[in-house]
Structures are given as structure tokens and as C-alpha cells.
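Per-entry structural report
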Amino acid sequence: MTRTTNGATARNLPPAAFAPVMATGIVSQGLAAAGAPRLSGALLAVAVALYAGLLAGLVWRVTRYPREVAADLCDTGRVFGFFTFVAGSDVLAARLAPGPWRAAAAALTLVAVPACTVLLGCVARVVRRIGADDGAGGAVRRAEGTWFLCVVGVQSAVLAVAGPTPGRGLPGTEVAWAAGLLLYAAVATLVARRLLRFGIRPRELSPPYWISMGACAISLLAGARLAHPGLDAALGPALTRDILLTLWAWATCLLPPLLAAGAWRHLWHRIPLAYEPTWWTIVFPTGMYAMSTIALGTAEALRPLVLLGHLGAWVALGVWSLSVAGLVHRHIPGGPQAR
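Positions within a chain are numbered from 1, following the residues in the order the chain's sequence is written. Side-chain atom pairs in this predicted model are given and counted only at pLDDT of 80 or more, local residue features only at pLDDT of at least 70, and totals for whole chains, interfaces and linings cover all residues. In computing side-chain properties, one takes all heavy atoms of the structure into account and sets aside hydrogens as well as water.

1. Some details on helix 12 (residues 237–268)
- The helix count covers DSSP runs of H or I at least four residues long, the strand count covers runs of E at least two residues long, and both are numbered beginning at the N terminus. Residue count minus one, scaled by 1.5 Å, sets the expected span of a helix. Under the 1.5 Å per step criterion, the end-to-end length of helix 12 is 46 Å for 32 residues, consistent within 8% with the ideal 46 Å.
- Per-residue accessibility, obtained with a 1.4 Å probe over protein chains only, is compared with the maximum for each type, and a residue is labelled buried under 20%, exposed over 50%, and partly exposed between these values. For helix 12, the full list of buried residues reads Thr240, Leu244, Leu247, Trp248, Ala251, Leu254, Leu258, Ala261 and Arg265.
- Count one or two residues on from helix 12 and you reach Arg270, which has phi positive near 55°.

Right, dumping it as C-alpha cells:
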């Protein structure tokens, strides 16, 4: 019975199942930077345990149900979720690299980077197909927040390859980072056109739209890690600084409308605020914003930004705690799922 139950769970494993791993991993990084090593270590242990269990489930699913996995890779609503595996692997690699686990970090990177490349090819094929099937507006009509996960996947790979020391990235990482920025611009354009052309209903304005901010923040963090002398040599110190500050400003500007959208959804339209797995797509951007703010403040010697990032790391821990509490409440006897 246990084997059957575990097999059914693995078969139904959603593509975005690794979202809690990437969220927990980045909050762990933020707490380490904020001077809370014990809490950071505890969350790292949680992230590693989650990753190991989910990886076993993913391997089982790919091995036993390859047709279902292939169908997910051709589904616009599911294929982007696989980038949580890439980002979860890379976030753990970046967190483990500074310590004695460099071999494990390297192994995670070696798995995640090829996976990211394959997934980008799948996304390109899917988007091209829906454009051919539905006309010019096909991609625009279906674009939504989870599409930014492809940007997160690319920039997380850049982070993992670059390593924890600024300016130590391998040749080509600057090009990959720039490609990630262009990809962000393309996805943001599609999503903006969708919102302006087709509008959005309150129930459709779900937490994954927060990934728009998280994708910008991870682009900033990757750029800050590549700078001095990586990006400085390619772009020049002044241009590098301007790009990084622009990314931080854009991520910051996204916070008020994202918070307002949540109020519009839950307070104005009274949609119940109940736990759903997509809550982790709020935790990750919050933690990534904190971490990228710390990195930018450190790179540019801006102490106020460093302090703001430290505060953001504790806010991210609070959001993580709320998500865990919601998850536990959902699965306890008599909780929402049980009813």
C-alpha cells in the first residue's frame, strides 16, 4: 500500500514541485548574509531534504511515466514549472559552494545547466506552436506570471556557474546573463500585452505574478556576482553600475502594484486567502529581492541598501513561515483539504 501511494504521488508530481526548494534555499542565503547562520543552516537542511525527496519523485516519474512528462513539456500551462527544478538545483549549488560541499554544488550545477538548455528548447517549441495554431495573439493570450520562470532558470544557472565570489564567472557567463535580460524583456512584453489586451479576472491574478519581480531580482544578483571585473571589462564600470541600479529600481517599483493586486484580489473581490502551492512563488521573489539588495549594496558600497536587504531577509523568513503554516494547516485532519 505504501509503495502504491508513493508511486501515485510521484506520478502526480507537478512540474513546479521544486518551488519550495528554491524559496527555502534563497531565504537560507539571505539569512546567512544577514548574520543568522544557525537559522540559515536549519533552512538549508530543510531545502536539501526537500530536494532529495522531490528529486527521487521526479526520477521515478520520468522513468515510469515518460509520456506524461513529455505531455507536460508540450503544455503551455505546465512546461514553465520545470524551471523550478533548475532554479532549485542552482540556488542550492550557490548556497553550498562557499562551504565544504563544493563537490555537491558542482554536481548540482552540472545537472541544472543542461536541464535549463533542454527546457528552453521545449519552451521555444511550445510558444512557436501556439503562435502557429492560434494566430499572432496566441502567445499573448496565454502569457502569465509563470512564464518568468524561464528567466529565473537562466539567471540561476549564471549564478551557479559564477560562484560565490564576484567577478569569478567562467567565460560566456556575461553573455548568458545578457541573454537572460533580453528574455526577461520579451516575457514582460508578452505579459503586459496580455494584461492590456485581454484584461485579467481576480482569480487569474494569482501569486505567480510575483515571479516578475523575482526574475528581475535574480538578474540583479547574477549581475552583481559577475561584476568586478567580469561585467566591468565587458561593459565598463559606469554602464555596469547603471544597469544594476536600474534592475534594482525596477524590482522595487514592482512591489507596490504586486501588493495592490493582492489587496484587489482578496479584499475588494473577497477571494478567500487560503494556502495554495503557488504561495512559494511569493516567498522566492521576496527572498531574492533581499539577497540581491544586499549584493548590490555590497558591490556599490551603499550601506543603506545592505541594511534594507538584511531587513528584507527577515521579511522573507516571515513569508516563508506563513507558507509553511498554511501548508501544515491544509494537511492536518479537519483542514481545508480534508473538508
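2. What to know about a nonpolar patch on the surface
- On the surface, Leu308, Leu311 and Val315 cluster together to form a nonpolar patch covering roughly 250 Å² of accessible area.
- Structurally, Val315 can be placed in helix 14 (residues 303–331). Each patch is built from residues lacking any salt bridge and having more than 30% relative accessible area; the joining distance is 9 Å for like charges and 5 Å for nonpolar side chains (Val, Leu, Ile, Met, Phe, Trp, Tyr). Throughout, the Shrake-Rupley method with a 1.4 Å probe supplies accessible areas, and for residues the shown protein chains are the sole cover considered. Note on definitions: salt bridges are taken to be side-chain nitrogens of Lys or Arg within 4 Å of carboxyl oxygens of Asp or Glu.

3. Digging into the packing of aromatic side chains
- Only centres within 6.5 Å qualify two rings of Phe, Tyr or Trp (six-membered ring in Trp) as a pair; their planes then separate them into stacked at under 30 degrees, edge-to-face at over 60, and tilted for everything else. Tallying each qualifying case throughout the model produces six aromatic pairs.
- Both rings, one in Phe18 and one in Phe85, keep their centres 5.2 Å apart while their planes meet at 70°; by these two values the pair is edge-to-face. With Phe18 in the loop between helix 1 (2–11) and helix 2 (19–33) and Phe85 in helix 5 (residues 83–96), the pair connects residues that are 67 residues apart, well separated along the chain. Here Phe18 matches Phe85 in class, with each residue buried.

4. Some points on the side chain of Arg95
- As for its position among the elements, Arg95 is in helix 5.
- In this structure, Arg95 is buried with no salt-bridge partner, the nearest side chain bearing the opposite charge being Asp90 at 15 Å.
- Contacts are residue-level and defined by heavy atoms, with any inter-residue pair within 4.5 Å sufficient. The residues contacting Arg95, other than those within four sequence positions of it, are Ser28, Gln29, Ala32, Ser40, Gly41 and Leu44. Positive charges come from Lys and Arg alone, negative charges from Asp and Glu alone, with His and the N- and C-terminal ends not counted.

5. With respect to the state of the cysteines
- What counts as a disulfide here is a pair of cysteine sulfur atoms lying within 2.5 Å. According to the stated counting rule, one finds zero disulfides in the structure shown.
- Between Cys122, a cysteine without a disulfide, and Cys74, which holds the nearest cysteine sulfur, the sulfur-to-sulfur distance is 7.0 Å.
- Given the relative accessible area of 7%, Cys122 is considered buried.
- The cysteine Cys253 is free of any disulfide, with Cys216 supplying the nearest cysteine sulfur at 9.6 Å.

6. What about the environment of Cys150?
- Here Cys150 is to be found in helix 8 (residues 149–162).
- In this structure the C-alpha to C-alpha distance between Cys150 and Leu183, which are 33 residues apart in sequence, comes to 8.2 Å.
- Among residues more than four places away in sequence, those in contact with Cys150 are Phe80, Phe83, Leu120, Leu183 and Val187.

7. Observations concerning unusual backbone geometry
- Of note, Arg270 is a non-glycine position whose phi angle comes to about 55°, a positive value.
- Here the phi dihedral of Ala301 falls at roughly 55°; this positive angle occurs in a residue that is not glycine.
- Of the residues examined, Ala301 reaches a relative accessible area of 67% and is grouped as exposed.

8. Some details on helix 4 (residues 66–73)
- Of the positions making up helix 4, those classed as buried are Val69, Asp72 and Leu73. Buried residues in helix 4, looked at end-on, bunch into an arc of 100°, giving them a common side. Taken from the helix axis, the directions to the C-beta atoms give the arc we talk about.

9. Concerning the nonpolar core
- Here, nonpolar core refers to any group of buried Ala, Val, Leu, Ile, Met, Phe, Trp, Tyr and Cys residues whose side-chain atoms link them within 4.5 Å. Counting 92 residues, the largest nonpolar core has Val27, Phe83, Val86, Val152, Met213 and Phe284 as its most contacted members.
- Not counting residues within four places of it along the chain, the set of residues in contact with Phe83 comprises Cys116, Leu119, Leu120, Val123, Leu149, Cys150 and Gly153.

10. Some details on the packing of helix 8 against helix 10 (residues 211–226)
- Whenever a helix is involved, its axis is fitted only over the stretch in contact; in every case the axis is a line through C-alpha atoms, and angles between N-to-C directions fall within 0 to 180 degrees. Helix 10 packs onto helix 8 with a crossing angle of 20° between their chain directions and a minimal axis gap of 9 Å. Judged by the inter-axis angle, helix 8 sits roughly parallel to helix 10. The crossing of helix 8 and helix 10 is left-handed. Residues Leu149, Val151, Val152, Gln155, Ser156, Val158, Leu159 and Ala162 of helix 8 touch helix 10, and the partners they reach there are Ile211, Ala215, Ile218, Ser219, Leu221, Ala222, Arg225 and Leu226.
- Think of it as three bins: nonpolar holds Ala, Val, Leu, Ile, Met, Phe, Trp, Tyr, Cys and Pro, charged holds Asp, Glu, Lys and Arg, and polar takes everything else, Gly as well. For the contact of helix 8 with helix 10, the per-class residue count stands at 12 nonpolar, three polar and one charged. Geometric relationships in this document are graded by angle, where less than 35 degrees denotes roughly parallel, more than 145 denotes roughly antiparallel, 65 to 115 denotes roughly perpendicular, and other angles denote oblique. In a left-handed crossing the near helix is turned counterclockwise from the far helix by less than a right angle, and in a right-handed crossing that turn is clockwise.

11. Overview of the pattern of salt bridges
- According to the stated counting rule, one finds six salt bridges in the structure shown.
- Notably, a salt bridge pairs Arg61 with Asp72, separated by 2.6 Å at the nearest N-O pair. One end of the pair, Arg61, is in helix 3 (residues 37–64); the other, Asp72, is in helix 4, and 11 residues separate them in sequence. Comparing Arg61 with Asp72, the two get one shared label, buried.

12. So, the confidence of the model for the chain
- When pLDDT is averaged across the chain, the result is 88; 88% of the residues are at 70 or more.
- pLDDT expresses, on a scale from 0 to 100, how confident the predictor is about each individual residue. Within the chain, the element-level pLDDT minimum falls on helix 1, averaging 60, and the maximum on helix 2, averaging 96.

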